[in-house]
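Fold and contact review
Here is what each chain is made of, one letter per residue.
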Amino acid sequence: MTDTPVIELNGVSKSFGGVVANHSISLKVPGGGITGLIGPNGSGKTTLFNSIVGYHPIDEGSIRFKGQEISDYRVPQIARLGLLRTFQQTRIYSNMNCIDNMLISIPHRKLGFRDMFKNRGDKATMEEVDRLLDFVGLYEKRRLISGDLSFGQQKLLEFAMALMNRPEVLLLDEPTAGINPTLINGLIDRLRRANEELGITLFVIEHNMRVIMNMAQSIYCLAHGELLAHGTPDEIQNDQRVIDAYLGAH
Amino acid sequence: MESFSPKLHLPILIFGVAAPFVIPGVTIQIAVLWVMVLFALTWDILGGQMGYNSLGNILFFGSGMYISAVVQVSMFADVAEYTASSGAVDFKYTDAQYFWGLGLGVIAAGIGSAVLAAAIGWTMFGLRGPYFAIGTLGIALTAGELMGTWSWVGAGGGLAMPVFPGSADGKSMMFYFLCFFAAIATYLFCSWLYSTRFGLAINAIRDDEQKAEAMGIHTLRYKTIAWSAAAFFLGISGALFGNITGFVEPLEVAFPVATFGIFMVAMSLLGGKGTLWGPILGAILFHFLKEFTWTYFLGWQWVALGVLIIVNVVFFQQGIMGWLMDKFPERFGIVVDKKEAAE
Ligand SMILES: Nc1ncnc2c1ncn2[C@@H]1O[C@H](COP(=O)(O)OP(=O)(O)OP(=O)(O)O)[C@@H](O)[C@H]1O
Ligand SMILES: [Mg+2]
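What this report covers is the structure whose coordinates are included nearby. Numbers given for residues are sequential positions, taken from 1 along each chain in its written order. Lettering of chains starts at A and numbering of ligands starts at 1, both following the order in which they are written. Only residues with pLDDT of at least 70 get local features here, since the model is predicted, and only at 80 or more are side-chain atom pairs given and counted; chain-wide, interface and lining totals rely on the full set of residues. Note: side-chain values were computed over all heavy atoms of the structure, leaving out hydrogens and water.

Below, the discussion takes up the overall build of chain B. A helix here means a DSSP run of H or I that spans at least four residues, while a strand means a run of E at least two residues long, and both kinds are numbered starting from the N terminus. Within chain B one finds 16 helices and 2 strands. Between the two quantities, the radius of gyration covers C-alpha atoms and the globule rule is 2.2 Å times the number of residues to the power 0.38. Over its C-alpha atoms chain B spans a radius of gyration of 21 Å, differing by no more than 12% from the 20 Å that the globule rule assigns to 343 residues. The buried share of chain B, reckoned over its 343 residues, is 52%. A sequence separation of at least 24 residues applies to 80% of the contacts in chain B between residues at least 6 apart. Here's how the labels work: a residue is buried when its accessible area is under 20% of the maximum for its type, exposed when over 50%, partly exposed in between, all with a 1.4 Å probe on protein chains only. A contact between two residues is defined here by any heavy atoms of the two lying within 4.5 Å.

This part covers helix α4 (residues 123-135) of chain A. Structurally, the α-helix is built with 3.6 residues per turn, so residues lying three or four positions apart point the same way. All names here are of chain A. A rise of 1.5 Å per residue sets the reference length of α4, with its 13 residues, at 18 Å; its end C-alpha atoms lie 18 Å apart and thus fit the reference within 8%. Residues Thr 125, Glu 128, Val 129, Leu 132, Leu 133 and Phe 135 constitute the buried set of α4. Buried positions in α4, seen along its axis, are confined to an arc of 150 degrees and lie on one side of it. Looking at the packing, one finds that the buried side of α4 touches α3 (98-103), α5 (151-164) and α6 (181-197). One or two residues past the end of α4 sits Gly 137, with phi positive at roughly 80 degrees. Multiply 1.5 Å by the residue count of a helix minus one, and that product is the helix's expected span. Comment: arc refers to directions from the helix axis out to C-beta atoms.

Here the focus is the interface of chain B and chain A. Taken together, the 35 residues of chain B in the interface contact 41 residues of chain A. Computed with a 1.4 Å rolling probe, the buried area is the accessible surface lost when two parts are put together, summed over both parts. Contact with chain A buries area across many residues of chain B, yet Arg 197, Leu 200 and Met 215 of chain B alone supply 21% of it, more than any other trio. For this analysis, a salt bridge means a side-chain nitrogen from Lys or Arg found within 4 Å of a carboxyl oxygen belonging to Asp or Glu. Between Arg 91 of chain A and Asp 208 of chain B there is a salt bridge, and its shortest N-O distance comes to 2.8 Å. In the analysis that follows, any N or O atom pair within 3.5 Å is treated as a polar contact, provided that within protein one partner can donate a hydrogen and the other can accept it, and provided that, for residues neighboring in sequence, both atoms belong to side chains. Scanning the region where chain B abuts chain A turns up 17 residue pairs in polar contact (both at pLDDT 80 or more). Of all the secondary structure elements, the ones that give two or more residues to the side of chain B that touches chain A are α7 (168-193), α8 (197-207), α9 (209-214), α10 (219-245) and α16 (339-342) of chain B.

Structure below.
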């Protein structure tokens, strides 16, 4: 883990009509680590992710990826820089089988004109696909139409697709939501391995406190669109403002 | 994904080669069948594989027809003089001028239509779903009307194509085989395209374009190339069709939005969109039904076709290939892979 932040937000604000979804948020995601983002429902977590990946223009502030200002880049450009996100409402290519979902998720960073017309996957790519599908436990289902998989399986597929893309930073929007509790430990383990073995920096939105307190080295907490607190899992767990925000929200 | 392929290559090839000799009376009808196959295949590149339902693809058929007409005429005459005389002056041309004109005209029609598609795609691809459908329809309708006001190409009165220097049978035979080859080339192109990464990318755009963007896919680039490729083949088919008809006119011949323009869609849906063979089977079935009703139910033919389309979209949305895929998924490679077996 290095000290230079890969993502750095300064005073980012975003409103939808009268709703202030994010108000002057500043935060840093250090490279190589796992950073958490928590907050009650509607506190602006997904909006912040959307702003980072260029899904909508922000009203104010600056977003830097490895020092480079990206707040006016478009979604595919940012993805090709190596900053990728998964969706809270899982999104996969539902009429394609798992293998094809994986094959088209290769990094598009350096794809030139001729690469568009190459074979779907060479031997090395196919091996990578098999390995990653095996990694998330979907090897046997690899030829099935992905839209027919269960919700949890689709979530795992989406995660495998993200890994296939070899991002530098992965923004995960509630990776354990809808996953069978008995499988959550397995998923945490996989996220950790993606972080440690593949060196992918993770920035994770999570409602499951046990999960995020276990994984993250540093956690940001949002409430009503404002940054409420920042600290280590221990500090966050004992922060009275955080406890109030969660209790107040329920 | 579509590993399944009906064993139809050889029968279709034999039929295609033998037909004009065995049943010479219907050579032109079968030539039109190949044009229909080309229509359905090219429509499906966007409509089925990429999820962009264009109602205006006939635009590129018409643009190809006009481009080749202009190229062919300009081989031996000034286009403005030629159209102004509307057949009153007998322009002389040699066989070489005719055939060079035809060859260059067909190529220019393909390239010109592809460029047109790229130019229009730049703005049209900002539209989604029904807006794209209506937008493309609007462009095709506008094109027909505009060509009808442009006197350089004969305006609403149209322009006569150079006459084939040979017998009527020779003309049918030559254009029959050109149409047949155009359809085969389109099939081979699609079959190759869908086997590449390009095929996966446009399928991904169909299933979830926002996801595709979020994964870094160059969506606009893929969409533009896909439409240009479809327009290339459509342009060629327009050039051939104009020569077969012998007369180019904007509304009925070059931009028949309500007939050919809709047939393209209907045929793909009937055969099963988003598959390689669906549009082909759909085009064959549709064309035979159409010729059959024209022959035996004259007066009711449009009703019969309308009923067919309604039955298709109400009760049989997946089309022939989609139905087969539901019935026999394992034939299409949709199977559970046992891990032991693979290692
Ligand atoms: N596209 C949009 N248009 C209008 N309002 C929006 C939009 N996106 C988000 N909002 C509003 O912004 C606020 C924050 O929403 P956001 O989805 O960021 O919350 P969240 O923290 O991710 O919540 P959850 O935990 O439920 O996923 C909400 O009040 C929401 O209604
Ligand atoms: Mg959310």
